[in-house]
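Tertiary structure, described
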Amino acid sequence: MHSWVCIIILLRNENIFASLLSIFCSGPSSINPLTEKPYGTTFPVICIEDLVRFQFMLVESLGISKLYGAVGSSLGGMCSLLTGVIFSDKVERVVTISSCAKSHPSSIAMRYLQRRTIMSDTNWNNGHYYGKAYPKIGMKLAREIATITYRSGPEWDMRFGRNRIDPSSQPSLCPNFMIENYLDYQGEAFCTKFDPNSLLYISKAMDLFDISEDFGSMKAGLSRIKCPVLILGVQTDILFPIWQQRELARELHEAGNKAVTFYELNSIFGHDTFLLDLNGVGAAVKGFLETNLAKKDTDGEHKKDDGSQQ
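Every value quoted in this text rests on a predicted model; they were computed, and no experiment measured them.

With that settled, the discussion passes to the packing of aromatic side chains. A ring pair, where both rings are aromatic, is described by two values, the distance of the centres and the angle of the planes. For the structure on display, the rule yields eight aromatic pairs. When the ring of Tyr129 is compared with that of Tyr130, the centres are 4.5 Å apart and the planes differ by 40°; the resulting orientation is tilted. Grouping residues by exposure puts Tyr129 and Tyr130 together as buried. Judged by centre distance (6.1 Å) and plane angle (70°), the ring pair of Trp156 and Tyr182 falls under edge-to-face. Here Tyr182 lies in helix α6 (residues 178–190) and Trp156 lies in helix α5 (residues 153–159), a separation of 26 residues in the sequence. Across the pair, exposure class does not vary: Trp156 and Tyr182 are buried alike. Sitting over the face of the ring of Phe190, Arg143 holds its NZ or CZ atom 4.2 Å from the ring centroid.

Now the structure itself:
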């Protein structure tokens, strides 16, 4: 069972030396030195700023004083955007994929339901289940709910339609449709691979994200970003709908950033597009990172995945 870990993978191409950092550290499963037991839910609630500052502590410990770029998707996109706000003098460009500048009610509601399923499992035991019965049912249901938010209806129409698991069987209250079987598999495959408390804390950190809160307004917060920004969104994303990326691009323009590129993908894979559509996402990010945007005097660009500008 995985808890929060920090992983560094170093890559090099002809021009860029990249450090890929996971966002997680020891977390609630680590041992509280005062009690010599896992923290559980006595671990303090964290926020996205905590994660970003931890990342920069690690980066600085490697002797890196300035980043060529901060790139992230989903929660990572929150982190990369906030990097540009907090460490504006230490990053040259920002890429935020399928993310936002603040969590909206629809996303908060979806994550709330996932947390409730975990916390309603009697084995969760108020977060103190380490060394005891594991809250598997809660984790499985939480993952099934999450899977619905990660993909899209158009994809599932193509993959599953109304296909039955066994066309010859009589209908029952057990799973009959292939989509039900798929959700059951996803829940079962994930439920013991990640620490439930860690999922609760990460989920809550995403809910609390709102750049405007610490700077008086969204405009004031985003105006601190001085570098070029690429915003990438997906038309079928239901967890971070495309209007949220459009809103972010508009707000960055209004905050005075003249080097904003908004790239909109027409992908069937929903929120998971950044994991599955490597050509579409990769081409957008590669082009942005390899273009010397600092020397361009532009009012920003809006592109679709056919390369056209709007």
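Now for the packing of helix α1 (residues 48–61) against helix α2 (residues 75–86). Contact geometry of α1 with α2 gives a least axis separation of 9 Å together with a crossing angle of 70°. Looking at the two axes, α1 sits roughly perpendicular to α2. From α1, Ile48, Glu49, Leu51, Val52, Arg53, Gln55 and Phe56 reach across to α2, where they touch Leu75, Met78, Cys79, Leu82, Thr83 and Ile86. In the contact of α1 with α2, the residues fall into nine nonpolar, two polar and two charged.

Along its 13 residues, helix α7 (residues 196–208) runs 19 Å from first to last C-alpha, staying within 8% of the 18 Å computed at 1.5 Å per residue. Within α7, 10 of the 13 residues are buried, which leaves the element mostly enclosed by the surrounding structure. Within the sequence span of α7, burial applies to Pro196, Asn197, Ser198, Leu200, Tyr201, Ile202, Ser203, Ala205, Met206 and Asp207. Residues of α7 that are buried make contact with α1, α2, α3 (105–119) and α4 (136–150).

A pair of packed helices is characterised by two quantities: the angle between their axes and the separation of those axes. Running from amino to carboxyl end, α4 crosses α6 at an angle of 125°, the nearest separation of the two axes being 8 Å. As far as their axial angle goes, α6 and α4 are oblique. Once α4 is placed against α6, the crossing between them reads as right-handed. Residues Lys136, Met139, Lys140, Arg143, Glu144, Thr147 and Ile148 of α4 pack against Tyr182, Leu183, Asp184, Gln186, Gly187, Glu188 and Phe190 of α6. In terms of residue class, the contact of α4 with α6 is built from five nonpolar, three polar and six charged.

The rules we used
Residues numbered from 1 in each chain as written. Predicted model: local features only at pLDDT ≥ 70, side-chain atom pairs only at ≥ 80, totals over all residues. Heavy atoms only, no water. Phe/Tyr/Trp six-rings, centres within 6.5 Å; stacked < 30°, edge-to-face > 60°. Buried < 20%, exposed > 50% of the residue type's maximum accessible area, 1.4 Å probe, protein only. Helix = DSSP H or I, 4+ residues; strand = E, 2+ residues; numbered from the N terminus. Lys NZ or Arg CZ within 6 Å of the ring centre and 35° of its normal. Axes fitted to C-alpha atoms, helices over the stretch in contact; angles between N-to-C directions. Parallel < 35°, antiparallel > 145°, perpendicular 65-115°, else oblique. Contact = heavy atoms within 4.5 Å. Nonpolar A, V, L, I, M, F, W, Y, C, P; charged D, E, K, R; others polar. Expected span 1.5 Å × (residues − 1). Left-handed = near helix turned anticlockwise from the far one by under 90°.

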